[in-house]
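# Fold and contact review
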Amino acid sequence: MRYAMVIDTKKCVGCSDCVVACQTENKVPIGYARDWVVEVTEGTYPHLQMEIRSERCNQCENAPCVRCCPTGSSHYSTGGIVLVKPRRCIGCGACITSCPYDARFPHPKGHVDKCTFCDHRIKEGNGPACVEVCPTKCMYFGNLDDPGSEVSKLLRQRRYKTLIPEAGTKPHLYFLT
Amino acid sequence: MKSRREFIRISALGLGGFALAGGAGMALRTALKNGMPEAAGLTPDLTRTPTYCEVCFWRCAGWVYKDSEGKLWKITGNDDDPLCHGRLCPRGTGGVGMYYDEDRLRTPLMRTVENGKQTYREASWEEALDYIARRLKEIAAEHGPECIALFTHGSGGEYFSTLLQAMGSTSVAAPSYSQCRGPREVAFITTYGQGLESPEITDIRDTRCLVLIGSHLGENMHNTQVQEMSDALEKGATIITVDPRFSVVAGKSKYWLPIKPATDLALLLAWTHVIIAEELYDKEYVERHTYGFEQLRAHVRNFTPEWAYGITTIEPVTIRRTAREMAAASPAVIIHPGRHVTWYGDDTQRLRAVAILNALLGSWGRRGGFFMPDRVQVPHYPRPPFPEPARTWREAFPERYPLADLALASGICEASIPGATPECNFKAWIVNGTNLLMTLPDQEQTKEALRSLDLVVVVDTMPAEITGWADVVLPECTYLERYDIIRNSPARNPNIALRAPATEPLHNTKPAYWMAKELAIRMGFGDYFAWESIEEMLDWQFKELGTSLEEMMRTGVKNYPRNFDDLYFADGQDIEFYTNTGKIELWSTSMEAAGFDPLPVYTPHEEPPEGYYRLNYGRAPMHTFARTANNPNLADLMEENDLWVNPVIARMWGLNTGDYVRLRNQDGIDSTFAIRVRVTERIRWDSVYMVHGFGHADRRLKRAYGRGINDTELMSRVHIDPIMGGTGMRGNFVTFILDDKGKEARS
Ligand code: SF4
Ligand code: SF4
Ligand code: SF4
């Protein structure tokens, strides 16, 4: 099983609902975020193009943050989800520095925090909070190893990209373009 | 009594003992101390209470969850709700912040004089309500009850409106009419005999072509519509966006028409011209259902795309191509009527052009166009009939705005200044849930009215500009802490939703229904609120509707089948429209009778003077009105508004992204605070843009104070729509004041 998220940039309106839903669901303290929205505009008025992306931890298959964690706190969990064990984390920040996506932040309680793909919700058969809240339904979550899953189908049917592929991290976060 | 009321910063009291200083870290610690749930082990969904959202007017139904410690945790959408389909918007999701906002009003406040200076003192509910009831009775006895007005936005309106009508006043006004959607309602009522309602009856779900003209859907997070637009996009619908700014939805559109501001009506007329000249209209529909087609044909004969090009800067080939695209999708096409449509004072005429275009394409009453809504009839809890008022709100502005069908907030404000209309001068206001100083344009007029009144009562959850002008401030608990009236929204299917309290009210706050009832009892109108408790009233209403409070506590929402299967018109069906002619009036008989152009006429609008730029404003998905800037969760997403400036203009003025500037408008009015510049290609050279609802001047709003600019204070030029009194607010121009450049926003 390999969990993945597929996000349709054509439908995302950049509303940040995914951000606030994550913050409340996961009790992320105000001032911090596990996900965020990026807007990229190219061209000059009036010949413009815009892409809007909801970004978070890429749940990399080849994760530098796991490799460089000195305590084993950062680890791969079920379905390839990269997680942090708060109790083991010494807050050294090596993972923060090594993440090419700037996806991790120091939690005020001392450990490092980041997107968990809402593993606590997945266990109960729900989707991640951000996916389930998105008003444009532009986010999809599922198992890449199941060819019948929505994510697999979308990746077969649509053009997509991953972020900073040259970093060789093999992200499990895909953007339909 | 005149001029005795002045603005008081509620913070001057230091109520609640909060220090004013402190950066973000301080705010964070305070939030945590005040009960923000600790980040920690997450628990399964323990308890959930049904609610419907009160952050904006859409009122999506949802669930409020508490965590294992019994603290408010999160709010999610109700899957059975036809408005949100289980997905709230960012404001709704961030609604918890309203509860946890440590700057909330906590206890009743009464204006008093100390050492010759006006200030507030804390009061008990008994004292505050006794005082208000006594003053209202005195004012009604002296000047007549009609001189008491209510300004309201949101659920509390129902209760205070009942109180006012029991007294004999019909002056109940919501800024959502004359400051927002009124011109559109009047335009569609005069054309189709029916308005668009809220939520709008646009059948976006099934449309094949959605035309947005001045509506940045997605940035204005009108939940159901955004959801349906996304579905339509996925099904391959065409979106045509007309906007001087490269809005988010412009970026998703097949066609973006970067129109010169203030010229939309010319484009609409040119589209109409093409559709008639090329015979692209729905002939059978027009023949069967409309009135005045020949006059319309003659009227638009000369409004060619070439004519419109000179005005709008949109190329004729684009105008033709987009018109054909709409016609190809017809009748599954929507020329979207928009929402905040009060722009240039000819707004009813512009929206008439929108209504006409839809009629030509046969979209009204058709799948993918506009559906016919249905709703539940919620019975009133038994109460005596209201007395006949001696005068109605219309007499506040005699002979003006003949087609207004609701009271005008701005009109009542103007009529509260002595001398304007002596025959109907307002003496007392109750203001519930609307921050009038940031909502009505022409702040000076609002302040003059506030100074002239004998009594101002403000009911709100948060301190705001308006609370500083009150004689009595009544602190309301948030929607998460109270019951409210049954939500009854027009939709494809009738539906109702319940709001129940998820927790006890914090501090010494109370629900509006309780305040209105207590006032009514004190004034001798208790019969109008004859229920023992609101639970009893709701249960009675629910039972009449075939359910019960107990069932609604479990489901939150109840959907009903339609009474009639008439979501769309049947083919070949003759329809009686509620207009004078019984037809869709392309040529409007009621406009003609009232002395206005029966067909929309284009009038040019003023251009910015040298060195000035048109002030355009709009919405952001995470904020709404001028009421959310202090919400900790929402402020975290967007804590101030930016000023969008085109790079060409930025170079001329030496501005860089991140600089702070103040603005001066064409009448020499300066913004109180500075705004952060965002240099972007997404805006034209002739205008600047900012999101509405920032630049709060009340220090008690610790997160929002001094962050960004309040667009309303720069709107001294207001173009009033003579047809229905809408206050056009897009006719103001601003220039940059550079002294503050580089400084932070707060002063
Ligand atoms: S909630 Fe959905 S539409 Fe909104 S920003 Fe996130 S991904 Fe985009
Ligand atoms: S998957 Fe969960 S933790 Fe990750 S960004 Fe979405 S809501 Fe936050
Ligand atoms: S659209 Fe958003 S703010 Fe408005 S009622 Fe729905 S959830 Fe609340």
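It should be emphasised that the depicted structure is a prediction, and the values quoted were computed from it without experimental measurement. (Residues numbered from 1 in each chain as written. Chains lettered and ligands numbered in written order. Predicted model: local features only at pLDDT ≥ 70, side-chain atom pairs only at ≥ 80, totals over all residues. Heavy atoms only, no water.)

### Some words on the domain arrangement of chain B
All names here are of chain B. Convention followed: What counts as a domain boundary in this text is fixed by an automatic or database domain assignment. By definition in these notes, contact holds between two residues if any of their heavy atoms fall within 4.5 Å. Computed with a 1.4 Å rolling probe, the buried area is the accessible surface lost when two parts are put together, summed over both parts.
For chain B, the assigned domains are domain 1 (202-371 + 569-593) and domain 2 (613-740). For domain 1 and domain 2, the distance between their C-alpha centroids amounts to 29 Å. Taken together, the contact between domain 1 and domain 2 spans 26 residues of the former and 25 residues of the latter. Both faces combined, the contact of domain 1 with domain 2 buries some 1900 Å², and carbon together with sulfur accounts for 55% of it. For domain 1, the biggest contributors to the area lost against domain 2 are Arg245, His340 and Tyr344; these three give 25% of the whole.

### Digging into the packing of helix H8 (residues 264-277) of chain B against helix H11 (residues 305-312) of chain B
Residue and element names in this part refer to chain B. The condition is simple: Angular values range over 0 to 180 degrees, each being the angle between N-to-C directions of two axes fitted as lines to C-alpha atoms, with helices fitted over their stretch in contact. Note on conventions: DSSP H or I runs of at least 4 residues are helices, E runs of at least 2 residues are strands, and numbering of each starts at the N terminus. Orientation labels follow simple angle bins: below 35 degrees gives roughly parallel, above 145 gives roughly antiparallel, 65 to 115 gives roughly perpendicular, and whatever is left gives oblique. By the definition used in this description, the sense in which the near helix is turned from the far one sets the handedness, with an anticlockwise turn below a right angle giving left-handed and a clockwise turn giving right-handed. Side-chain classes follow a simple rule in which Ala, Val, Leu, Ile, Met, Phe, Trp, Tyr, Cys and Pro form the nonpolar group, Asp, Glu, Lys and Arg form the charged group, and the remainder, Gly included, forms the polar group.
Where H8 contacts H11, the axes come no closer than 9 Å and their chain directions differ by 165°. The angle between H8 and H11 falls in the class roughly antiparallel. Crossing hand, H8 versus H11: left-handed. Judged by residue contacts, Ala266, Leu267, Leu269, Ala270, His273 and Val274 of H8 engage Pro305, Trp307, Ala308, Ile311 and Thr312 from H11. Counted by class, the contact of H8 with H11 contains nine nonpolar, two polar and no charged residues.

### Section: the layout of surface pockets
Note the cut-off: Using only the protein atoms, space was sampled on a 1 Å grid; points where a 1.4 Å probe fits but cannot get out form cavities, open sets with protein on both sides within 12 Å along at least five of seven lines form pockets, and lining residues are those with an atom within 4 Å of a point. Grid points are joined across faces, edges and corners, and a volume is the space filled by probe spheres set on the points.
Approximately 980 Å³ is the volume attributed to the second largest pocket. In terms of lining residues, the second largest pocket is bounded by 41 residues, among which Leu48(A), Phe246(B), Ala250(B), Gly251(B) and Ser253(B) are the most central. At the level of elements, strand E2 (35-44), strand E3 (47-56) and helix H6 (150-157) of chain A together with helix H7 (223-234) and strand E10 (255-257) of chain B are the ones that each hand at least two residues to the lining of the second largest pocket. A total of seven residues in the lining of the second largest pocket trace back to one element, the largest contributor, which is E3(A). Each residue belonging to the lining of the second largest pocket can be placed in one class, and the counts come to 18 nonpolar, eight polar and 15 charged.

### Let's talk about the sheet that holds strand E6 (residues 148-152) of chain B
Residue and element names in this part refer to chain B. What counts is decided by this rule: One bridge is not enough; two strands pair if DSSP finds at least two bridges between them.
Across the sheet, which stays open at both edges, the seven strands sit in the order E5-E4-E15-E14-E13-E6-E7 with mixed pairing between neighbours. Edge positions in the open sheet fall to strand E5 (117-122) and strand E7 (172-173), since each of these has one partner strand only. As paired strands, strand E4 (residues 109-114) and strand E15 (residues 472-475) are joined by two bridges and run antiparallel to one another. What sits directly across from methionine 110, in E15, is valine 472. The sheet contacts of helix H5 (residues 157-167) involve E6, E7, strand E13 (428-432) and strand E14 (455-460), and relative to E6 the element is tilted by about 165°.

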